Amino acid sequence: MPDALAVRGLAKRYGSVQALKGVDLEVGEGELVGLLGPNGAGKSTLVKIAVGLVRPTAGEATVAGARAGSRAARAELGYLAEMFRFPGWYTADEVLELHQRLSGSRGGAAERKRLLELVALADATDRRVDGMSKGMQQRLGVAQSLVGEPRLLMLDEPTSALDPVGRRTVRLLLEELRGRGVSVLLNSHLLSEVELVCDRVAILLGGQLVAVGSPHDLSRPRGVELETDEGIHRVEGATREDAPRLVAEAVAAGRQVYGVSVLTSTLEDVYLEAVGGETS
Ligand SMILES: Nc1ncnc2c1ncn2[C@@H]1O[C@H](COP(=O)(O)OP(=O)(O)OP(=O)(O)O)[C@@H](O)[C@H]1O
Ligand SMILES: [Mg+2]
């Protein structure tokens, strides 16, 4: 089975700006991949090429084996653009109806009701977009991306305007979709969220991938911390395997041991190291 999304040697130049410089990346069936990187790194450009909105300068992108932008490719995917706007005079239900018509979905009223429930907007069916908060509009945007039951979702910062409860709603939704075999490419600046939900993360910097792997594989040991009656003491370079010995040594030295933790780098540490604190 072909990957849900595959990009090979993808490059994009806008005039004098080289937004992508040869990127290779796959999103497998049922895989949730987080695309991270500083402002201007090329994340949205990659997604727009995959959706078929922007033409690459070199390389190729395929969706379930079909060329990005082709009818077959578009039929497989759902997309939520960054900084989208729906017409203010449409109700939530009308926005979804419009997208059902655009995508040829035959889900009808039942699909619209189900999607609004999924994003916790069941009470806002007849609410106009203009009368919705930013976060409600964003959840409506996520619902819109799911019209027609796409197998690949490309979400460009779907939770940037959401409060913690809204983020959790979307996170649980993404987990549920993955359970059903839907593949997701998620652009986000919210590292803790990406860490919680993504199978793999890819970090873009200046149009190139600088790290790809599961959050676990990318993290590194950062020592062991012991809390004793003398305070908190970190043993740099120690790993999980050293923990029992360190505790035994402390006890033998007459210390009261209150806690021991094995420290690993968070995705934030990995990210900051990969991008070198740089923005492009
Ligand atoms: N239509 C365009 N015309 C000219 N330059 C563009 C265009 N779109 C993007 N760029 C440039 O391409 C580069 C990559 O932009 P892109 O929007 O892909 O970044 P991004 O990683 O999504 O950033 P952000 O985190 O701010 O959303 C930037 O230098 C941007 O200015
Ligand atoms: Mg962007």
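Residues numbered from 1 in each chain as written. Chains lettered and ligands numbered in written order. Predicted model: local features only at pLDDT ≥ 70, side-chain atom pairs only at ≥ 80, totals over all residues.

**Student:** Sorry if this is basic, but what is going on with the site of ligand 1 here?
**Tutor:** In the vicinity of ligand 1, the contacting residues are Tyr14, Val17, Ala19, Gly37, Asn39, Gly40, Ala41, Gly42, Lys43, Ser44, Thr45 and Glu82. Of all the secondary-structure elements, those providing two or more residues to the shell around ligand 1 are β2 (17-27) and α1 (43-51). Top element by residues in the shell around ligand 1 is α1. It accounts for 3 residues. Partitioned by chemical class, the residues of the shell around ligand 1 number 4 nonpolar, 6 polar and 2 charged. (Near = placed C-beta within 6 Å. Helix = DSSP H or I, 4+ residues; strand = E, 2+ residues; numbered from the N terminus. Nonpolar A, V, L, I, M, F, W, Y, C, P; charged D, E, K, R; others polar.)

**Student:** Whenever I open this one, the sheet that holds strand β10 (residues 208-213) confuses me. Can you help?
**Tutor:** Sheet strands pair by backbone hydrogen bonding; their relative direction is either parallel or antiparallel. Strand order in the open sheet formed by 6 strands is β6-β7-β8-β3-β9-β10, and the pairing between neighbours is mixed. Edge strands, defined here as strands with exactly one partner in the open sheet, are β6 (77-80) and β10. The average angle at which neighbouring strand axes cross in this sheet is 15 degrees, direction not considered. Its contacts with the sheet place α1 against β3 (32-36), β6, β7 (152-156), β8 (183-187) and β9 (200-205), and it is angled at close to 145 degrees to β7. (Pairing = 2+ DSSP bridges. Axes fitted to C-alpha atoms, helices over the stretch in contact; angles between N-to-C directions. Contact = placed C-beta atoms within 7 Å.)

**Student:** Sorry, what's going on with the domain arrangement of the chain here?
**Tutor:** Interfaces are often described in size by the accessible area the parts lose on coming together. Assigned domains of the chain: these are domain 1 (5-214) and domain 2 (221-264). Domain 1 and domain 2 are separated by 44 Å when their C-alpha centres are compared. (Domains from an automatic or database assignment.)

**Student:** I would appreciate a short explanation of the packing of helix α3 (residues 92-103) against helix α4 (residues 108-118) in the present structure.
**Tutor:** Each pair of packed helices can be described by the angle between their axes along with the distance between the axes. The interhelical angle for the contact between α3 and α4, taken along N-to-C directions, is 120 degrees, at an axis separation of 10 Å. One way to sum up the angle between α3 and α4 is to call them oblique. Taken as a pair, α3 and α4 cross one another with a handedness that is right-handed. When α3 is examined against α4, the residues Ala92, Asp93, Leu96, Glu97 and Gln100 are found in contact with a partner set consisting of Glu111, Arg112, Leu115 and Leu116. Across the contact of α3 with α4, the residue classes break down as 4 nonpolar, 1 polar and 4 charged. (Parallel < 35°, antiparallel > 145°, perpendicular 65-115°, else oblique. Left-handed = near helix turned anticlockwise from the far one by under 90°.)

**Student:** Explain the pairing of strand β12 (residues 231-235) here, please?
**Tutor:** Every other side chain in a regular strand lies on the same face of the sheet, so the side chains alternate between the two faces. Alignment of strand β11 (residues 221-228) against β12, held across 5 bridges, turns out to be antiparallel. If you follow Val224 over to β12, its bridge partner there is Val235.

**Student:** Help me understand the pairing of strand β4 (residues 58-63) in this model?
**Tutor:** For strand β1 (residues 5-14) and β4, the ladder comprises 5 bridges, and the chain directions are antiparallel. Counterpart to Val7 in the pairing with β4 is Ala61. Two elements, β4 and strand β5 (residues 66-67), share 2 bridges in a ladder whose sense is antiparallel. Bridge pairing in β5 places Val63 opposite Ala66.

**Student:** Any chance you could explain the nonpolar core here in plain terms?
**Tutor:** A general feature of soluble globular proteins is that nonpolar side chains tend to end up buried together. Ala50 and Met154 are the most contacted members of the largest nonpolar core, which has 69 residues in total. Not counting residues up to four positions away in its chain, the partners in contact with Ala50 are Leu5, Val7, Ala61, Val63, Ala68 and Met154. (Core = buried A, V, L, I, M, F, W, Y, C linked by C-beta atoms within 7 Å. Buried ≥ 20, exposed ≤ 12 C-beta atoms within 10 Å, placed from the backbone.)

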